[in-house]
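# Close look at the chain arrangement
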2 protein chains.
Amino acid sequence: MSTLIGLQCHVCHTAFAAEATYVCDQCFGPLEPVYDYDKARATFTRENIASRPRNLWRYRELLPITGEPLTGFGSGFTPLIPAPRLAARLGVRELYVKDDGVNHPTLSYKDRVVSVAATRAVELGFTVFGCASTGNLGNSVAAHASRLGLRCFVFIPDDLEPYKVLGSAIYHPTLLAVRGNYDDVNRLCTQVADKHGWGFANINLRSYYAEGAKTMGFEIVEQLGWRFPKHVVSPVAGGTLLPRIFRGFRELHQLGLGEGDLPKMYGAQAAGSAPVIRALHQGIDYPDPVKPDTIAKSIAIGNPADGFQVIEVLKESGGWGEMVTDEEILDGINLLAETEGIFTEPAGGTTIAVTRKLIEQERIPRNESIVMCITGNGYKTADIMTGRVTRAIPISRSLEDVDAYLAGTLAGVGGEQA
Amino acid sequence: MSTLIGLQCHVCHTAFAAEATYVCDQCFGPLEPVYDYDKARATFTRENIASRPRNLWRYRELLPITGEPLTGFGSGFTPLIPAPRLAARLGVRELYVKDDGVNHPTLSYKDRVVSVAATRAVELGFTVFGCASTGNLGNSVAAHASRLGLRCFVFIPDDLEPYKVLGSAIYHPTLLAVRGNYDDVNRLCTQVADKHGWGFANINLRSYYAEGAKTMGFEIVEQLGWRFPKHVVSPVAGGTLLPRIFRGFRELHQLGLGEGDLPKMYGAQAAGSAPVIRALHQGIDYPDPVKPDTIAKSIAIGNPADGFQVIEVLKESGGWGEMVTDEEILDGINLLAETEGIFTEPAGGTTIAVTRKLIEQERIPRNESIVMCITGNGYKTADIMTGRVTRAIPISRSLEDVDAYLAGTLAGVGGEQA
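All values reported here derive from a predicted model rather than from experimental measurement.

Definitions and cut-offs
Residues numbered from 1 in each chain as written. Chains lettered and ligands numbered in written order. Predicted model: local features only at pLDDT ≥ 70, side-chain atom pairs only at ≥ 80, totals over all residues. Heavy atoms only, no water. UniProt positions renumbered as here; feature names shortened; annotations may be inferred. Helix = DSSP H or I, 4+ residues; strand = E, 2+ residues; numbered from the N terminus. Buried < 20%, exposed > 50% of the residue type's maximum accessible area, 1.4 Å probe, protein only. Contact = heavy atoms within 4.5 Å. Buried area = accessible area lost by both parts, 1.4 Å probe. Salt bridge = Lys/Arg side-chain N within 4 Å of Asp/Glu carboxyl O. Polar contact = N/O pair within 3.5 Å; in protein donor to acceptor, adjacent residues only side chain to side chain. Nonpolar A, V, L, I, M, F, W, Y, C, P; charged D, E, K, R; others polar. Pairing = 2+ DSSP bridges. Axes fitted to C-alpha atoms, helices over the stretch in contact; angles between N-to-C directions. Least-squares fit on C-alpha atoms with pLDDT ≥ 70 in both. pLDDT = per-residue confidence, 0-100. Parallel < 35°, antiparallel > 145°, perpendicular 65-115°, else oblique. Left-handed = near helix turned anticlockwise from the far one by under 90°. Right-handed = clockwise from strand over helix to strand, strands pointing away. Disulfide = S-S within 2.5 Å.

This brings us to the UniProt feature "modified residue: N6-(pyridoxal phosphate)lysine" (unreviewed entry) in chain A. All names here are of chain A. The positions that UniProt labels "modified residue: N6-(pyridoxal phosphate)lysine" (unreviewed entry) are, in the present scheme, Lys110. Residue position: Lys110 is located in helix α4 (residues 110-123). Under the relative-accessibility criterion, Lys110 is labelled buried at 16%. For Lys110, the contacting residues outside a window of four places in its chain are Asn136, Leu137, Ser140 and Tyr209.

This is how it looks when you write it as structure tokens:
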């Protein structure tokens, strides 16, 4: 069933074998898989896809593995939720949340890319699987390594949120906390991968890993009844996700599986780590690295590997991008929770806040369909909201106490059964 | 499309209108919905169900609402995951995890029951929605109340895990922390519901609420290709879930939609809060209340409302039940994480540990299919595992440091690419 032909350079199109290589030796461009689309077309149909299990492998003709999937049987196919109350607050007509905060098993979009990278790691003969991570990726790599019985190394910056650290440690990888930021961790892992020949999901397996992110795009279209939305807002960190959502859209378009025009894509970054948005606003194609300083640690990447691809897609699709302050991010988390009952992490708060900003700027029109990509779960970083939510009110166990509380502070609130 | 006829007493079968009543005025038995199964049969078919959206409302003919669903459009239809590595560790042939730890939006099975209760609350005219909660229920009630714009009151014991408290507070309910345990909270809420006429999911709306739990049973059978498993292990707290999973099985059996015999049901409790298991082992039908003392706070209910129904089902189905210590619960969490890459909360650890115990006791045979119901997510209570996982190892950002670490403690581990 495999349609994988090989890899090719995104920039100069030089062809490579489908091995653990990720950078073009001609021009240093990133490598990406090439498929036999004619072969894929025979089985990659709406009917076939609809009949398959609800995980990311339902799109397997366009995923870069050669054998059977080995993990991720519960990953992907997350809910696409209409968000009418948030739409009303933002003054728009048709708004959806694509919620990878409930992705199985580790509650972020990383379970998509890691399912693909881990399967491909085994196919390529790796017995050690690892990553450089801001938290969510480490959780996912460690979990899928457990599932496959692979030896696992997770490298993290030493200032990560404690629950994200525990969320990797629980799967018993070797967990190395590097004194430095994510970009330092990533540089170190590149050296380790080269020297020890280990498979790193987001480094030497990156060409395969990134393809898993296309499935978020495939799902959005399938879940809208094979219709393209008009506008899609995605957070940007290393630059994996946004260009691959669009690549997925393009493939569906090319295969005649999506109704309508290709969507406009919008990037969202935290102002404290916004190399891509700054470059976009300055008209530069290749982002200058920055030193991240934001509460949105899961997207605090100052030197994004695929930053230029994000800018390419924002321009090509006719979209745009914005950055928001940490205050606006926390407000965004609150806004999504109080309108739609969804608790997201700061990366999601960034997406919400940027969407609001782009609507206010009239970059995104109010009367067309909008999808916001929520990539991680707020329960992993809940303490960040400690000062922003109402504290629990201590009371005794007597009805009199409840009534006194109601009389004192909530008199006339009403709310009896109608 | 509604097939809801009314309520009837589980014990004496007295009929009641489908209102916010939950206790029989003749015998004090719990009330449960009655459906027109002949009407349901016309549309409740495998083909129709398969064609519907992937949420709990795909089974709506057998859910107790009269209008359209109002919330829960991403809730339910959680993954049923084969667990081959855990099966090997436990020495059994066919093992599955039903993982409600990734239920949308609040990561526990409560999103099923609350979706139904909240929809019914609106149908019955309530404008205030609340609950007595050990944490997960509060999270879910507050989230769905946000989605529906309902005023919300969540009552919790004052010793809850901080992330579970934040996990309700984020949706901005009125959050009342009662000095006492869950059973004290529940008693208080019963009085509040009576006096103020508010809709409490697990009190005066309990007859509707509990029916939502059937959908976990429906899904297990559908996801196994409309085949019944042989053995199902479920945690027991208030006693809502286990009897309703079985009620769902029975309804499918009655409608001819499941292949094979009805499964044997097994209950799992923490030894520090095991009124149902103690009663079962002593041959008593009605559990004596206990004072809970366990780290498994989400199932720390000493006086379970539906405890006798659990015992009824364990006996009728030919199953059994066991309790495990807090140590065994933490071991269970670790075991699931390191074999299958799934991080569950103590309630899930209880289910894993009890399953292991029942297999060792030969209560569950090794060569038949087993489903373990995982009802909540470990990322909400991650700090409980702090002392049980390997700590992150601090290193500098130099390759030499990594090599020194490997040389010092991991010499000969191998793992290079094969």
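Quick look at the interface of chain B and chain A now. If you look at the interface, chain B gives 95 residues, while chain A gives 96 residues. Counting the surface lost from both chain B and chain A, the interface buries some 7900 Å², and carbon and sulfur atoms represent 61% of this. For the pair chain B and chain A, the number of links is six salt bridges. Close ionic contact of Glu340 of chain A with Arg147 of chain B constitutes a salt bridge, the shortest N to O distance being 3.2 Å. On the surface where chain B and chain A come into contact, there are 34 residue pairs in polar contact (both at pLDDT 80 or more). Of the residues in the side of chain B that touches chain A, the class split is 48 nonpolar, 29 polar and 18 charged.

Next up on the list: the pattern of salt bridges. This model, assessed by the stated rule, comprises 56 salt bridges over all chains. Between Arg397 of chain B and Asp184 of chain A there is a salt bridge, and its shortest N-O distance comes to 3.4 Å. Of this pair, Arg397 of chain B sits in the loop between β14 (393-395) and α15 (399-409) while Asp184 of chain A sits in helix α7 (residues 182-196), on two different chains. Owing to a relative accessible area of 47%, Arg397 of chain B belongs among the partly exposed residues under this scheme. Between Arg58 of chain B and Glu222 of chain B there is a salt bridge whose closest N-O contact spans 2.5 Å. Of this pair, Arg58 of chain B sits in the loop between α2 (46-50) and β4 (80-82) while Glu222 of chain B sits in helix α9 (residues 214-223); the two residues are 164 residues apart in sequence, bridging distant segments of the chain. Its relative accessible area of 1% is what places Arg58 of chain B among the buried residues. Residues joined by salt bridges that share partners form a network here, namely Glu32, Glu211, Lys214, Arg247 and Glu251 of chain A.

Another aspect to go through is the sheet that holds strand β11 (residues 264-270) of chain A. Residue and element names in this part refer to chain A. Strand order in this open sheet of six strands is β4-β5-β13-β10-β11-β12, and the pairing throughout is mixed. Unpaired on one side and paired on the other, β4 (80-82) and β12 (320-324) mark the two borders of the sheet. Direction aside, neighbouring strands of the sheet carry axes that sit 25° apart on average. Pairing between β11 and β12: five bridges, direction parallel. Within β12, the position partnered with Ala268 by the bridge is Glu322.

A separate point is the relation of the copies chain B and chain A. Aligned on chain A, chain B shows an RMSD of 0.0 Å; the corresponding rotation is 180° and the shift along the axis is 0.0 Å. With respect to symmetry, the two chain copies, as superposed, fit the operation of a two-fold axis. If distances are taken from each C-alpha of chain B to the rotation axis, the shortest is found for Val102 of chain B, at 2.5 Å. When the interface residues of chain B are mapped onto chain A, 100% of them are again interface residues, pointing to one common binding face.

Here we come to the UniProt feature "domain: Tryptophan synthase beta chain-like PALP" (unreviewed entry) in chain A. Residues annotated by UniProt as "domain: Tryptophan synthase beta chain-like PALP" (unreviewed entry) correspond here to residues 75-376 of chain A. As annotated, residues 75-376 of chain A comprises 45% helix and 17% strand, and the C-alpha atoms at either end are separated by 13 Å.

Let's shift gears to the confidence of the model for chain A. Confidence along chain A averages 95 in pLDDT terms, with 98% of residues attaining 70 or more. In the predicted assembly, ipTM is 0.94 and pTM is 0.95.

Residue and element names in this part refer to chain B. Running from N to C, helix α4 (residues 110-123) and helix α5 (residues 136-148) point in directions that differ by 45°, and their axes come no closer than 9 Å. When the axes of α4 and α5 are compared, the pair comes out oblique. As α4 runs across α5, the sense of the crossing is right-handed. Here Lys110, Asp111, Val114, Ser115, Ala118 and Val122 of α4 lie close against α5, whose contacting residues are Asn136, Leu137, Ser140, Val141, His144 and Leu148.

As a further point, take the pairing of strand β11 (residues 264-270) of chain B. All names here are of chain B. For β11, a buried count of six out of seven residues is recorded, marking the element as mostly surrounded by other parts of the structure. As judged from the five bridges shared by strand β10 (residues 231-235) and β11, these two strands associate in the parallel manner. Residue His231 lies in a different strand from β11, and its bridge partner there is Lys264. This β-α-β element, β10 to helix α10 (residues 241-254) to β11, shows right-handed connectivity.

What follows covers the state of the cysteines. Residues and elements named next belong to chain B. Tallied over the entire structure, the rule returns zero disulfides over all chains. Here Cys12 stays unpaired: no disulfide links it, and the sulfur of Cys24, its closest cysteine neighbor, is 3.6 Å away. Its sulfur unpaired, Cys152 is 6.6 Å from the next cysteine sulfur, which belongs to Cys131.

A separate point is the sheet that holds strand β2 (residues 15-16) of chain A. Residues and elements named next belong to chain A. Pairing is antiparallel in the open sheet, where three strands are placed in the order β2-β1-β3. Both edges of this open sheet fall to β2 and β3 (31-35), since each of them pairs with a single strand only. As paired strands, strand β1 (residues 4-9) and β3 are joined by five bridges and run antiparallel to one another. Among the inter-strand pairings, Leu7 is bridged to a residue of β3, identified as Pro33.

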